[in-house]
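These are the residues of each chain, in order.
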Amino acid sequence: MTAPPARIEGPRPRGAAAHLSRAQKAAIIVRFLMTEGADIPLSDLPDELQARLTTQMGSMRYVDRGTLAEVVAEFANELEGMGLTFPRGLPGALSALDGRISPQTAARLRKEAGVRQHGDPWELVGAADPGTLATMLEEESAEIAAVILSKLEVARAADLLGRLPGAVARRITYAISQTGSVSPEAVDRIGLALAAQIQDAPPTAFADGAVERVGAILNYSAAAIRDEVLEGLDETDEDFAALVRRAIFTFAHLPGRVRSTDIPRILREVDQAVQVTALAGAQEGALAPVAEFLLSGMSVRMADAVREQMAERGRVRPREAEEAQAEIVNAVRRLEAAGEIGLVRPDEEEGGG
């Protein structure tokens, strides 16, 4: 004959819940909330508490209504009497104050206490600078790099793969096929190590790199000054000059960086008189293809109207044309920053991604 299941006998006299341990009460509350459909983030608990709770729930079978009501009432009273809760330890405090104390202070506290609080390390890795991640991928083994790419969003992984030398990208791509047997624990350790490496990077005074900063300055410089600076950079550091040239985005770069389907959206941001001035000043010389590119992206009716106004406008002073062209480029930058259009990367053909 099978023995009856172990249970907390009922009905119980008033105060029966007092004989239960806190672990039993916690198990009762968790089980009650789960049956009510509540989503309880138990994974946020330390591993030890998760294990104790699971073991306790596995050892219990039945609780009568009276005991359940007492435990729930006691739990509710504790919640009502609770004024404030504080995060556990320095890691929790740092997470709670994230963004409210300076990065320098947070980094110093973590270093002094030997703390590395990442939460989900892959969130930090996924949000890291693409250039930083690309460098890490080159320095890691193909197997580790394959795990990293597999954990990132597909678009992010594809972008990183495109930043790597061809031979490295091929080795990593092949290694992805070998990641089927990688354990969750190994993936977690890799994520924690990467997150620690990213956090340990020394703070810098500038958010952007030198190439981006020089490129941004030259974007807003007059063409003559920009050409003179680039010639000087060519003589001083040819490799740096080449990177700066790739970072520069001016009116002349529109055909290679803007998709023709985005032209109507861009020009809606620019007054038509400004469009006429910009295009009239670009009818001859090296900028003529740019003018034609923009006109070809307009409707036939609009392009004809603009051409008529360009003819009426006549000759445009170079400085005036350059200012108008800069307004079109600035409209492109604003729309790209807002996510309303996407720019073609310098090493891609239009329509290639």
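These numbers were taken from a predicted model, which means no experiment stands behind them. (Residues numbered from 1 in each chain as written. Predicted model: local features only at pLDDT ≥ 70, side-chain atom pairs only at ≥ 80, totals over all residues. Heavy atoms only, no water.)

## Quick word on the overall build of the protein chain
At step 1: Scanning the protein chain from terminus to terminus reveals 20 helices and zero strands.
At step 2: Among the 353 residues that make up the protein chain, the fraction classed as buried is 30%.
At step 3: In the protein chain, 76% of the contacts between residues at least 6 apart in sequence involve partners at least 24 apart. (Helix = DSSP H or I, 4+ residues; strand = E, 2+ residues; numbered from the N terminus. Buried < 20%, exposed > 50% of the residue type's maximum accessible area, 1.4 Å probe, protein only. Contact = heavy atoms within 4.5 Å.)

## Some words on the pattern of salt bridges
A pair can form between side chains of opposite charge whenever their charged atoms are brought close.
At step 1: Counted under the stated rule, the structure contains ten salt bridges.
At step 2: Among the ionic pairs, E78 bridges to R22, the shortest N-O distance being 3.9 Å. Taken as a pair, E78 in helix α3 (residues 65–80) and R22 in helix α1 (residues 22–35) lie far apart in primary sequence, 56 residues in all.
At step 3: Here E78 falls in the partly exposed class, since its relative accessible area comes to 37%. (Salt bridge = Lys/Arg side-chain N within 4 Å of Asp/Glu carboxyl O.)

## Focus: the packing of aromatic side chains
At step 1: Summed over all chains, the structure comprises zero aromatic pairs.
At step 2: Residue placement shows R257 over the ring face of F249; its charged tip is 5.4 Å from the ring centre. (Phe/Tyr/Trp six-rings, centres within 6.5 Å; stacked < 30°, edge-to-face > 60°. Lys NZ or Arg CZ within 6 Å of the ring centre and 35° of its normal.)

## Looking at the confidence of the model for the protein chain
At step 1: With 86% of its residues at a pLDDT of at least 70, the protein chain reaches an overall mean of 82.
At step 2: Below a pLDDT of 50 lies the segment residues 1–13, which in the model reaches 14 contacts outside its immediate sequence neighbourhood of four places, other chains included.
At step 3: The low-confidence segment residues 114–118, where pLDDT is below 50, has 17 contacts with residues more than four positions distant or belonging to other chains. (pLDDT = per-residue confidence, 0-100.)

## Concerning the side chain of Q325
At step 1: If you trace the backbone, Q325 turns up in helix α20 (residues 318–337).
At step 2: What makes Q325 buried here is its relative accessible area of 6%.
At step 3: Here the side chain of Q325 touches A278 through a polar contact of 3.1 Å, landing on its backbone oxygen.
At step 4: Contacts of Q325, omitting those with residues within four sequence positions, involve F251, A278, G281, A282 and L287. (Polar contact = N/O pair within 3.5 Å; in protein donor to acceptor, adjacent residues only side chain to side chain.)

## Some points on a nonpolar patch on the surface
At step 1: Among the surface-exposed residues, F75, L79 and M82 lie close enough to one another that they form a single nonpolar patch of about 270 Å² accessible area.
At step 2: Its place among the elements puts F75 in helix α3. (Patch = residues over 30% accessible without salt bridge, like charges linked within 9 Å, V, L, I, M, F, W, Y side chains within 5 Å. Areas by Shrake-Rupley, 256 points an atom, 1.4 Å probe, with all protein chains shown as cover.)

## Brief notes about a negative patch on the surface
At step 1: Taken together, the side chains of D120, E123, E185 and D188 make up a negatively charged region of the molecular surface.
At step 2: One can find D188 in helix α11 (residues 184–199).
At step 3: Judged by its relative accessible area of 38%, D188 is partly exposed. (Lys, Arg positive; Asp, Glu negative; His and termini not counted. Charge placed at Lys NZ, Arg CZ, Asp CG, Glu CD.)

## Observations concerning the packing of helix α8 (residues 142–151) against helix α10 (residues 166–176)
At step 1: Between α8 and α10, whose axes approach to 8 Å, the crossing angle comes to 70 degrees. By the angle class used here, α8 and α10 are roughly perpendicular. Residue-level inspection shows A142, E143, A145, A146, L149 and S150 of α8 in contact with α10, the latter providing R171, I172, A175 and I176.
At step 2: Split into classes, the residues belonging to the contact of α8 with α10 amount to seven nonpolar, one polar and two charged. (Axes fitted to C-alpha atoms, helices over the stretch in contact; angles between N-to-C directions. Parallel < 35°, antiparallel > 145°, perpendicular 65-115°, else oblique. Nonpolar A, V, L, I, M, F, W, Y, C, P; charged D, E, K, R; others polar.)

## Concerning α3
At step 1: Look at α3: 22 Å from first C-alpha to last across 16 residues, which is about the 22 Å you get at 1.5 Å a residue.
At step 2: Within α3, the full set of buried residues consists of T67, E70 and V71. Taken down its axis, α3 places every buried residue within 95 degrees of arc, on the same side. Turned more than 90 degrees away from the buried face of α3, the exposed residues are R65 and E80.
At step 3: Elements that come into contact with the buried residues of α3 comprise α1.
At step 4: Two or three places before G66, at the start of α3, stands the capping residue D64, its side-chain oxygen 3.0 Å from that residue's backbone nitrogen. (Expected span 1.5 Å × (residues − 1). Arc of directions from axis to C-beta.)

## Concerning the nonpolar core
At step 1: Formed by 32 residues in total, the largest nonpolar core has its most connected members in F251, L254, V258, I266, L279, L294 and I328.
At step 2: Among the elements of the structure, α16 (263–267), α17 (272–280), α18 (288–296), α19 (300–313) and α20 are those that each provide at least two residues to this core.
At step 3: If you look at the next biggest cluster of nonpolar residues, it comprises 25 residues, including V147, I148, L160 and L164. (Core = buried A, V, L, I, M, F, W, Y, C linked by side-chain atoms within 4.5 Å.)

## Digging into the side chain of T277
At step 1: Along the chain, T277 falls in helix α17.
At step 2: With sequence-adjacent residues up to four places away left out, T277 is seen in contact with R313, V316, E320, A321 and A324.

## Some points on the packing of helix α13 (residues 223–236) against helix α14 (residues 238–247)
At step 1: Axis separation between α13 and α14 bottoms out at 6 Å; the angle between their running directions is 145 degrees. Across the interface between the two elements, L230, E231, L233, D234 and T236 from α13 touch E238, F240, A241, V244 and R245 from α14.
At step 2: Residue classes in the contact of α13 with α14 are distributed as five nonpolar, one polar and four charged.

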